[in-house]
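Observations on chain architecture
Here is what each chain is made of, one letter per residue.
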Amino acid sequence: MKKLLLFAILLIAPLALIAQEETPKDTVANGWTRAGNLSLLFNQAAFNAEWTGGGTSNYSGNLSLTYDFNYKHDKLSWNNRLIGEYGLTKNKDDKYSRKTNDRLELNSILGQQVNESNWYYSLFFNFKTQFAKGYEFNKDLSPEDEGYRTETTHILSPAYIQFGPGMLWKKSDNLYVNLSPATAKFILVDKDFTTVNENVPGALDAYNTNKYFGVDANESSRFEFGASVSAYAKFNIMANISAENILNLYSNYLEDPQNVDLDYTFNLVMKVNKYISTNVTFQAIYDDNAVQVFQIRETLGVGLSYGF
């Protein structure tokens, strides 16, 4: 737990330093502002039969969409972001392709400014799930054997919903922190994954000694109530190079509040021109309802990018 808190502090510290910089106050005009970015990253490696250095031919691709639609009217602000990401990789000798990324998420924060300060009364909403089925592969079997891969997740299983009132500190659309001490959280799953079946390895048992993303056997949802912190900071390092930090923390008052859920994403975009860019993404997740270790994802690629 101490390591988790230290990691969270290390992630928050850069956001605090950015907040101390002289950033122009948000001067966005009333009305809607919309902006989006669509990118496709592709990687490929090929080796012929005579290549003595070893290697396996493979290809991979990652498609991502980010769309912001924000509204402002005097002291009222409403920030919305839709994120969709999907990636696959395929090795020459593998029967099945495997996912490298799968994410569908909507974030929304409604704020009412307090006097002329950077503080707002806020109400936030977050929804996230995935697009496609996820599988667990049995390394002791061959791809032709029955049971080589087992479906473990699919769209809306799991699905996470969070919402609650709080206070928003907002310097601009590119720099804000939202604090919600009263957050409701729902975890939704397909009951097919929680139905007790003693004959299927890995299935939930009647004694509820194991759970599916925190959901009990024969149930399709889980309710939690706790506190959440979300922070966003985007800035330019230099011309054509931008960095984006996204941090979400959550503590469940009802069970093990000391086990803080963490989701941190760092995106670095280096533009070659209007349509070509190099993207670096690092993501770290800790959720003891899913797995009690850090989940780490890192991608690097050069691809096509289109802003709209």
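A brief structural summary. (Residues numbered from 1 in each chain as written. Predicted model: local features only at pLDDT ≥ 70, side-chain atom pairs only at ≥ 80, totals over all residues. Heavy atoms only, no water.)

In this section: the sheet that holds strand β12 (residues 261-271). In spatial order, the strands read β1-β2-β3-β4-β5-β8-β9-β10-β11-β12-β13-β14; together these 12 strands close into a barrel with antiparallel pairing. Direction aside, the axes of adjacent strands within the sheet are offset by 20° on average. The sheet contact formed by strand β11 (residues 241-252) and β12 spans 10 bridges and is antiparallel. Bridging from a neighbouring strand, serine 242 pairs with valine 269 of β12. (Pairing = 2+ DSSP bridges. Helix = DSSP H or I, 4+ residues; strand = E, 2+ residues; numbered from the N terminus. Axes fitted to C-alpha atoms, helices over the stretch in contact; angles between N-to-C directions.)

Scanning the model with the defined rule gives 17 aromatic pairs in all. Relative to tyrosine 232, the ring of tyrosine 176 lies with its centre 5.5 Å away and its plane at 25°, an arrangement referred to as stacked. With tyrosine 176 in strand β9 (residues 175-188) and tyrosine 232 in strand β10 (residues 221-238), the pair connects residues that are 56 residues apart, well separated along the chain. A single burial state applies to tyrosine 176 and to tyrosine 232, both of which are buried. (Phe/Tyr/Trp six-rings, centres within 6.5 Å; stacked < 30°, edge-to-face > 60°. Buried < 20%, exposed > 50% of the residue type's maximum accessible area, 1.4 Å probe, protein only.)

Bringing unusual backbone geometry into the picture now. That bond from serine 157 to proline 158 is cis: its omega, 5°, falls within 30 degrees of zero. Summarising the element assignment, proline 158 is placed in the loop between β7 (149-153) and β8 (159-172). Even without a glycine there, the phi angle at phenylalanine 213 is positive, about 50°. Within the fold, phenylalanine 213 resides in the loop between β9 and β10. Backbone geometry at asparagine 240 places phi at a positive 70°, although glycine is not the residue there. Mapped onto the elements, asparagine 240 comes out in the loop between β10 and β11.

So, on to the environment of tyrosine 96. Tracing the backbone shows tyrosine 96 in the loop between β3 (76-91) and β4 (98-113). Through-space distance from the C-alpha of tyrosine 96 to that of arginine 149 is 9.4 Å; in sequence the pair is 53 residues apart. Residues contacting tyrosine 96, with those up to four places away along its chain left out, are Lys90, Phe137, Pro143, Tyr148 and Arg149. (Contact = heavy atoms within 4.5 Å.)

A few words now on empty space enclosed by the protein. Under the counting rule described, the total for this entry stands at 1 cavity of 30 Å³ or more. Space inside the largest cavity adds up to approximately 60 Å³. Along the walls of the largest cavity sit 11 residues, with Val28, Asn70, Tyr71, Lys72 and Asp173 positioned nearest its centre. Ranked by residue count, the leading element in the lining of the largest cavity is strand β2 (residues 58-73), at 3 residues. (1 Å grid on protein atoms, 1.4 Å probe; cavity = no way out; pocket = protein on both sides within 12 Å on 5 of 7 lines; lining within 4 Å. Points joined across faces, edges and corners; volume = space filled by probe spheres on them.)

On to the pattern of salt bridges, then. Applying the stated rule across the entire model yields 14 salt bridges. Of the charged contacts, one joins arginine 103 and glutamate 105 as a salt bridge, the two residues approaching to 2.9 Å between their closest N and O atoms. Each member of the salt-bridge network shares a partner with another, and the members are Glu85, Arg103, Glu105 and Arg297. (Salt bridge = Lys/Arg side-chain N within 4 Å of Asp/Glu carboxyl O.)

To continue, consider the nonpolar core. By size, the foremost hydrophobic cluster in this structure holds 9 residues: Tyr160, Ile187, Val189, Phe193, Leu204, Tyr212, Phe213, Val215 and Ala217. Apart from residues lying up to four places away in sequence, phenylalanine 193 is in contact with Glu151, Thr152, Thr153, His154, Ser157, Leu204 and Tyr212. (Core = buried A, V, L, I, M, F, W, Y, C linked by side-chain atoms within 4.5 Å.)

What follows concerns the side chain of arginine 103. With respect to the element layout, arginine 103 can be found in strand β4. Assessed through its relative accessible area of 12%, arginine 103 is described here as buried. Engagement of the side chain of arginine 103 in a polar contact is seen with the side chain of glutamate 105, the distance being 2.9 Å. Each residue touching arginine 103, except ones within four places of it in the same chain, is listed here: Ile83, Gly84, Glu85, Thr129, Phe131 and Thr265. (Polar contact = N/O pair within 3.5 Å; in protein donor to acceptor, adjacent residues only side chain to side chain.)

With that settled, consider the pairing of β10. Here β9 runs beside β10; their pairing, made up of 12 bridges, is antiparallel. Bridge pairing links isoleucine 187 to arginine 222 in β10. Bridge count between β10 and β11: 12 bridges; the pairing is antiparallel. Directly across from asparagine 236, in β11, lies its bridge partner serine 242. Hairpin remark: β10 followed by β11, antiparallel, with 2 residues in the connecting loop; positive phi at asparagine 240, about 70°.

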